[in-house]
Amino acid sequence: RPIPKIIDFLLVHRNWDYPLSTIAEATGVSYRTLQKIVPILVKKGILKETREVGKAKLYALNFESPSVKKLDDFALASDIEFAEKGRKHLVLARA
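Just so it is clear, the structure is predicted and the values come from calculations on it, not from any experiment. Once a new chain begins, its residue numbering starts again from 1 and follows that chain's sequence as written. For a predicted model such as this one, the threshold for reporting local features is a pLDDT of at least 70, and the threshold for listing and counting side-chain atom pairs is 80 or more; totals across whole chains, interfaces and linings nevertheless cover every residue. Excluding hydrogens and water, the side-chain figures rest on all heavy atoms present in the structure.

Trainee: When you look at the overall build of the protein in this model, what are you seeing that I'm missing?
Mentor: Within the protein one finds 4 helices and 3 strands. Secondary structure elements are defined from DSSP: runs of H or I of at least 4 residues count as helices, runs of E of at least 2 residues count as strands, and each element is numbered from the N terminus. Mapped from its N terminus to its C terminus, the protein presents α and β elements in the order α-β-α-α-β-β-α. Exposed residues in this analysis have more than 50% of their type's maximum accessible area, buried residues have under 20%, and partly exposed residues fall in between, with area computed by a 1.4 Å probe over protein chains only. Across the 95 residues in the protein, those meeting the buried criterion constitute 29%. Summarising the internal contacts of the protein: among those between residues at least 6 apart in sequence, 43% fall at separations of at least 24. Areas reported here follow the Shrake-Rupley algorithm with a probe of radius 1.4 Å; residue values treat only the protein chains shown as occluding. Of the accessible surface of the protein, which amounts to about 7100 Å², a share of 57% is contributed by carbon and sulfur atoms. Note on definitions: a residue-residue contact is assigned when non-hydrogen atoms from the two residues lie within 4.5 Å.

Have a look at this one:
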């Protein structure tokens with residue numbers, strides 16, 4: 001399931017752009033698989049090519065995409081919910 005791994009990595013590291021080699025290393029998705037999937041995600045507007053460094057193209061999530069915005073909102077909401085549940089358990093454990 002490479003696409004969720006790619007999106008998760010880029011959501012967590014939202015302020016940076018990455019070459020395929022770094023995405024492959026960080027996600028465990030093979031470089032060859034990324035070469036096939038990333039152009040599709042770019043074409044669909046999920047990822048964007050941000051720049052080139054030497055021969056390497058760098059990619060990031062396209063936060064202008066409605067789909068990416070929804071994923072980002074969901075990730076933020078689930079993080080908040082998880083943090084609130086953790087806080088409640090901590091308070092109950094102290095009582």
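The structure having been displayed, the exposition proceeds.
Trainee: Hey, could you run me through the side chain of Thr 27 in this one?
Mentor: One can find Thr 27 in helix 2 (residues 20-27). The exposure class of Thr 27 is buried, given its relative accessible area of 12%. Within the structure, the side chain of Thr 27 is placed 2.6 Å from the backbone oxygen of Ile 23, a separation counted as a polar contact. At 3.2 Å, the side chain of Thr 27 forms a polar contact with the backbone nitrogen of Val 29. We define a polar contact as two N or O atoms separated by no more than 3.5 Å, with the added condition that, inside protein, one atom must be a possible hydrogen donor and the other a possible acceptor, whereas residues neighbouring each other in sequence contribute only through side-chain atom pairs.

Trainee: Mind showing me how you'd approach the side chain of Asn 62 here?
Mentor: Mapped onto the fold, Asn 62 is located in the loop between strand 3 (56-61) and helix 4 (66-94). Beyond its immediate sequence surroundings of up to four residues, Asn 62 is in contact with Gly 45, Ile 46, Leu 47, Lys 48 and Val 68.

Trainee: Just to check I follow, could you spell out the nonpolar core for this structure?
Mentor: Nonpolar side chains tend to gather and get buried jointly when the protein is soluble and globular. Nine residue types can take part in a nonpolar core, namely buried Ala, Val, Leu, Ile, Met, Phe, Trp, Tyr and Cys, and a core is a set of them joined through side-chain atoms within 4.5 Å. One finds Ile 6, Leu 10, Ile 23, Leu 34, Leu 47 and Leu 61 to be the most contacted residues of the largest nonpolar core, which totals 19 residues. Those elements giving two or more residues to this core turn out to be helix 1 (2-12), helix 2, helix 3 (31-43) and strand 3. Sorting elements by how many residues they give to this core places helix 1 first, with 5 residues. Beyond its immediate sequence surroundings of up to four residues, Leu 10 is in contact with Tyr 18, Ile 23, Leu 47, Tyr 59, Ala 60 and Leu 61.

Trainee: Explain the pairing of strand 2 (residues 47-53) here, please?
Mentor: Regular strands show a simple pattern: their side chains alternate between the two faces of the sheet. The rule for pairing is simple: two strands pair if DSSP sees at least two bridges between them. Here 6 bridges tie strand 2 to strand 3, and the two strands are oriented antiparallel to one another. Bridging across to strand 3, Arg 51 finds its partner in Leu 58. Between strand 2 and strand 3, which pair antiparallel in sequence order, lie 2 residues; one of them, Gly 54, sits at a positive phi of approximately 65°.

Trainee: Would you mind going over the pattern of salt bridges with me for this structure?
Mentor: It is possible for side chains bearing opposite charge to pair when their charged atoms get close. Salt bridges are identified by distance alone: a Lys or Arg side-chain nitrogen within 4 Å of an Asp or Glu carboxyl oxygen. Going through the model one piece at a time under the given rule, you end up with 3 salt bridges. Between Arg 51 and Asp 17 there is a salt bridge, with its nearest N and O atoms 2.7 Å apart. Pair noted here: Arg 51 is in strand 2 and Asp 17 is in the loop between helix 1 and strand 1 (18-19), with a separation of 34 residues, a long-range link. The exposure class of Arg 51 is partly exposed, given its relative accessible area of 43%. With its nearest N and O atoms 4.0 Å apart, the salt bridge here joins Lys 57 to Glu 49.

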